[in-house]
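# Observations on chain architecture
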Amino acid sequence: MSQLLITGGAGFIGSHTCLVLLQEGHDLIVLDDYSNSSPVALERVVALAGLQASGERSKERLQLIQGDIRDITCLEKVFIDARNAGKPIEAVIHFAGLKAVGESVREPLRYWDVNLTGSRCLLAAMNTHGCRTLVFSSSATLYGYPKDEPIPESAPIQPINPYGHSKAAVEQLLHDLASSAPNQWRIACLRYFNPVGAHPSGKIGEDPLGTPNNLFPFVSQVAVGRRKSLQVFGGDWPTSDGTGVRDYIHVMDLAEGHRAALDCMLAEPAQLLTLNLGSGQGASVLEVVRAFERASGRPVPYDVVARRNGDAAITVADPAMAFQRLGWQTQSGLDEICRDGWAWQSANPTGYSDQE
Ligand code: NAD
Ligand code: UDP
């Protein structure tokens, strides 16, 4: 088993992936500045992984470092300390970044800085310390307004907002780096579709700051009574019921996708592999609302309002390549996603805040 560096490991996708990787036997160093997460998430990951009873051993398995991926001194220290402790970092899973589309339009400098400069700093530190195995969090947002449905990895990259541009720039940087030393870098670029849901225990889940931008956390906050009603952005899309269609993927399936991608990178020759991680199934906004009502037993009142700027009608993955290369495919559908999302939301109505 390997020593891994997980940037942004306290966040939504990172925390669920940390759990899967700990259960797989890997030792983890999490580097996170907690700008959009809480250390409580990782305390719960430790408990879920059954590590809390083992005291010092638990610190060996999961080491937490509060730091910024743009801080080169901090990154250097992480790699050097790991080597000096006799456990050099073998691979990095890079989740750390900013992800809110609307915020990226208002604050492009911050998005380019954290997402691109942060990735550049990390890659430079990896290169210096001879660690050239990476799994990177990319996004289906790269496809902009896709022409093909489902969307294959070969579809044109045409992002339509600064967040998407910053992810596309990192992908380009990874290509350039891989081309500069083709036999050295092992890179998996994972283009996620819509990650949602929570660990089935309800102990860890998505905890957005302020008003959620995304459908799923908004719907679950309406169901739990934190918000009055949902605004459905557009009822006149060219879809079966007029509402937008997305490919929702259970966060535990996504975490398994990272495990599979990491195993592939560690086992196979150097390469750059770009994969969609999605289910291949679309669900409309109203289908999500109904599924969540069934799972929670609560009503989710909604009003149909104008379309949101920049939205596409339908975004669904062609996940065939991930199955072919990793043997990975999603296991959970919308009902399981809503069941587990509700387990999290109902047990933690205000997320990780004001809890131990
Ligand atoms: P998240 O905000 O929950 O997690 C990101 C983590 O990175 C947080 O813990 C945050 O505190 C940390 N972080 C942010 N800036 C940092 C910095 N400068 N230094 C160190 N840590 C920093 O987001 P998530 O949903 O878990 O997303 C993880 C990754 O996946 C992101 O790169 C995101 O762009 C990408 N992604 C997310 C989605 C989605 O819908 N959630 C979709 C596609 C891609
Ligand atoms: N959506 C909505 N109301 C909301 C948030 C989202 O109707 O409050 C719709 C949105 O227009 C899209 C779908 O839900 O059709 C998924 O949106 P989300 O922001 O979760 O994901 P993305 O658009 O980034 O794929």
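The notes below deal with the structure included here. Computed from a prediction, not measured in an experiment: that's the story for all the values here.

Attention shifts here to the site of ligand 1. Around ligand 1 sit 26 residues in total, of which Asp32, Asn36, Ser37, Lys99 and Tyr163 are the nearest. One of the backbone nitrogen or oxygen atoms of isoleucine 13 is found 2.8 Å away from an oxygen atom of ligand 1. Taking lysine 99, its side chain carries an N or O atom lying 2.8 Å from an oxygen atom of ligand 1. In the complex, the protein chains occlude 95% of the 820 Å² of accessible area that ligand 1 would expose alone. Sorting the residues of the shell around ligand 1 by element identifies α1 (12-24), β5 (133-139) and α7 (162-180) as the ones contributing at least two each. It is β5 that contributes the most residues to the shell around ligand 1, 3 residues altogether.

Under the defined criterion, the tally for this structure stands at 17 salt bridges. For aspartate 311, the salt bridge goes to arginine 246, with nearest N and O atoms at 3.8 Å. Of this pair, aspartate 311 sits in the loop between β13 (302-305) and β14 (314-315) while arginine 246 is found in strand β9 (residues 245-246), placing the two residues 65 residues apart along the sequence. When sorted by exposure, aspartate 311 lands in the same class as arginine 246, which is buried. If you follow the salt bridges from partner to partner, you end up with Asp27, Arg61 and Lys87 in one network.

Here we take up the site of ligand 2. Gln231, Phe233, Arg246, Arg308 and Asp311 are the nearest of the 14 residues found near ligand 2. Between ligand 2 and asparagine 194 there is a distance of 2.9 Å, counted from an oxygen atom to a side-chain nitrogen or oxygen. At 2.5 Å from an oxygen atom of ligand 2 is found a side-chain nitrogen or oxygen belonging to aspartate 311. Burial of ligand 2 by the protein amounts to 87% of the accessible area it has alone, namely 510 Å². Among the elements that make up the shell around ligand 2, the one with the highest residue count is strand β8 (residues 230-233) (4 residues).

What the rule picks out here adds up to 0 disulfides. With no disulfide of its own, cysteine 131 lies closest to cysteine 74 among cysteine sulfurs, the gap being 15 Å. Assessed through its relative accessible area of 1%, cysteine 131 is described here as buried.

What counts, and at which threshold
Residues numbered from 1 in each chain as written. Chains lettered and ligands numbered in written order. Predicted model: local features only at pLDDT ≥ 70, side-chain atom pairs only at ≥ 80, totals over all residues. Heavy atoms only, no water. Near = heavy atom within 4 Å. Polar contact = N/O pair within 3.5 Å; in protein donor to acceptor, adjacent residues only side chain to side chain. Areas by Shrake-Rupley, 256 points an atom, 1.4 Å probe, with all protein chains shown as cover. Helix = DSSP H or I, 4+ residues; strand = E, 2+ residues; numbered from the N terminus. Salt bridge = Lys/Arg side-chain N within 4 Å of Asp/Glu carboxyl O. Buried < 20%, exposed > 50% of the residue type's maximum accessible area, 1.4 Å probe, protein only. Disulfide = S-S within 2.5 Å.

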